[in-house]
Every structure is written in C-alpha cells, then in structure tokens.
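Descriptive analysis of the structure
Each chain, written out:
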Amino acid sequence: MVNIGILALQGDVAEHVRALEESGARAVLVRRSEELASVDGLVIPGGESTTMSNLLLSFGIFDQLAEQISNGMPVYGTCAGMIMLATTILDGRDDQRSFGAIDMVVRRNAFGRQVDSYEEELDIKGIEGKPFPAVFIRAPWVESVGESVDVLARAGNTPDGPIVAVRRGQALATSFHPEIGTDWRFHELFTRMVQRES
Ligand code: GLN
C-alpha cells in the first residue's frame, strides 16, 4: 500500500484523509521534515494559500518539499493547493511563494468574492463515467497553461470556459474540492499516479 501524505499545516485535512483511505492508500499527516521525507506522494489541501506559504516557510519545509516535487514525487493540489503548484499567481500577495510544479498562471479568488461557493457537474478528461460533482469554494482558476500541461476540465464544460483541472506529469491540480462529498475518482486517480500506474 502506498503512503500518501496530506500537508497538515492548515486547511481541509480530515476530508482528504478519508478520501485517500477510501481510495486504497494509507494517509499520513505531514507537518515536519521527517514526515515529508517518508511519503510516496503528497496532497496539498484547500485552505488559504498565503497562510500555507508562510507556514511552509516557518516550519522550514518549503525548500525540502520543492526539492521532492522537482525530483518527481507525485503531488495533488486542491484549491489553495492548486495555487501552491502554479508558476505564476495573479491577485496573490507579494510575499506569497509557490512551487512552480505546473506551468500555469493561476488567479486567486477568480470566481469573484461575491460567489463564495458553487457546485457544478463537470466532464473530466481521463475520468470515466458520470460527470464529476465539483464543489468550488472561493476558488482560483487557471488563466493559461504551458504546452506541457494537460487541461482536464473547464467550468461550464465549454471549450472557452475557465480551466479548473490540470495535470503535468506527476502533478495534478483542481480548483475544486473532490475531498468534499463521496466521489473518490480524483483520489483514486492520484493513488494510481503514486503507484505509478496512471
Ligand atoms: N482563496 C483561497 C486562497 O487564495 C483558496 C480557497 C480554498 O482553498 N478553498 O488560498
């Protein structure tokens, strides 16, 4: 069984633990360097990306995580976690840092502050079966991607809708929160990525 860490400095950690365990992985909370070094893959949860960036720096694990990601450790970011994986952040804070694991420009709170949350059934490239129930909470979207990035879903299921799910190699990111609810297909996909089977 693979060990998948959930970065547990801040954010919706418990929901990811449940989703990963339902998907056949062992879920491990990660706050310290030794814990980070012991996992086969890592989920960066939703929360607040500016706070997460600060906490990673003050816990002294930002550089270690950056190195593990650049060495090919699978990583999955949801919402704030997606922002943490971007190369460029729009509407961020000046001192906010990110890992640049996915060549993309992400806009924070892109759906507008007045729209706190909404839900939409999305068609996802590479995910079989019925549309995926996607829950957005003060979500970012992806404004542009580099050639190496695979676009998996767009809001509204239209070709010109904002990009809300992407993958580049062993890095996966969604604007929405698949850990909320009972549909584990994203966590199953990520578990297969960690098992090097997808
Ligand atoms: N708006 C948050 C941020 O900028 C993300 C919201 C979320 O993760 N639910 O980090």
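A brief structural summary. None of the values given here were measured: they were computed from a predicted structure.

Turning to the nonpolar core, a few remarks are in order. With 33 residues, the main nonpolar core has Ile-44 and Met-104 as its most contacted residues. With five residues, helix α5 (residues 80–85) is the largest single contributor of residues to this core. When neighbours within four sequence positions are excluded, Met-104 is seen to be in contact with Met-82, Leu-85, Ala-86, Thr-87, Thr-88, Val-142, Ser-144, Val-145, Val-166 and Ala-173. Counting residues in each nonpolar core, the second largest holds 32 residues, with Ala-8, Ala-27, Ala-153 and Val-164 among its members.

A few words now on unusual backbone geometry. Here the phi dihedral of Cys-79 falls at roughly 60 degrees; this positive angle occurs in a residue that is not glycine. Residue position: Cys-79 is located in the loop between β4 (75–78) and α5. With a phi angle near 55 degrees, Asn-157 is a residue other than glycine that sits in the positive phi range. Residue classification places Asn-157 among the partly exposed residues on the basis of a relative accessible area of 35%.

All residues in the neighbourhood of the ligand are listed as Gly-46, Gly-47, Glu-48, Ser-49, Cys-79, Ala-80, Ile-83, Arg-108, Asn-109, Ile-137, Arg-138 and His-177. Here Arg-108 contributes a side-chain N or O atom positioned 2.6 Å from an oxygen atom of the ligand. A distance of 3.1 Å separates a nitrogen atom of the ligand from a polar atom in the backbone of Arg-138. Out of a free accessible area of 300 Å², the ligand has 95% covered by protein chains. Across the shell around the ligand, the residue classes tally to four nonpolar, five polar and three charged.

Tracing the chain through its elements places Pro-178 in the loop between β12 (171–174) and α6 (185–194). Its relative accessible area of 1% is what places Pro-178 among the buried residues. Once the C-alpha coordinates of Pro-178 and Phe-136 are considered, the two residues, 42 residues apart in sequence, prove to be 9.5 Å apart. Beyond its immediate chain neighbours, meaning those up to four positions away, Pro-178 contacts Tyr-76, Thr-78, Phe-132, Asp-183, Trp-184, Phe-186 and His-187.

Turning our attention to the pattern of salt bridges. Tallied over the full model, the rule gives ten salt bridges. Taking the shortest distance from any N to any O, the salt bridge between Arg-93 and Asp-95 comes out at 3.1 Å. Of the residues examined, Arg-93 reaches a relative accessible area of 41% and is grouped as partly exposed. Glu-143 is the salt-bridge partner of Arg-107, the closest N and O atoms lying 2.5 Å from each other. Linking Arg-107 in strand β6 (residues 102–107) with Glu-143 in strand β9 (residues 141–145), this pair joins segments that are 36 residues apart in sequence. Taking the relative accessible area as the measure of exposure, Arg-107 reaches 24% and is therefore partly exposed.

Rules and cut-offs
Residues numbered from 1 in each chain as written. Predicted model: local features only at pLDDT ≥ 70, side-chain atom pairs only at ≥ 80, totals over all residues. Heavy atoms only, no water. Core = buried A, V, L, I, M, F, W, Y, C linked by side-chain atoms within 4.5 Å. Buried < 20%, exposed > 50% of the residue type's maximum accessible area, 1.4 Å probe, protein only. Helix = DSSP H or I, 4+ residues; strand = E, 2+ residues; numbered from the N terminus. Contact = heavy atoms within 4.5 Å. Near = heavy atom within 4 Å. Polar contact = N/O pair within 3.5 Å; in protein donor to acceptor, adjacent residues only side chain to side chain. Areas by Shrake-Rupley, 256 points an atom, 1.4 Å probe, with all protein chains shown as cover. Nonpolar A, V, L, I, M, F, W, Y, C, P; charged D, E, K, R; others polar. Salt bridge = Lys/Arg side-chain N within 4 Å of Asp/Glu carboxyl O.

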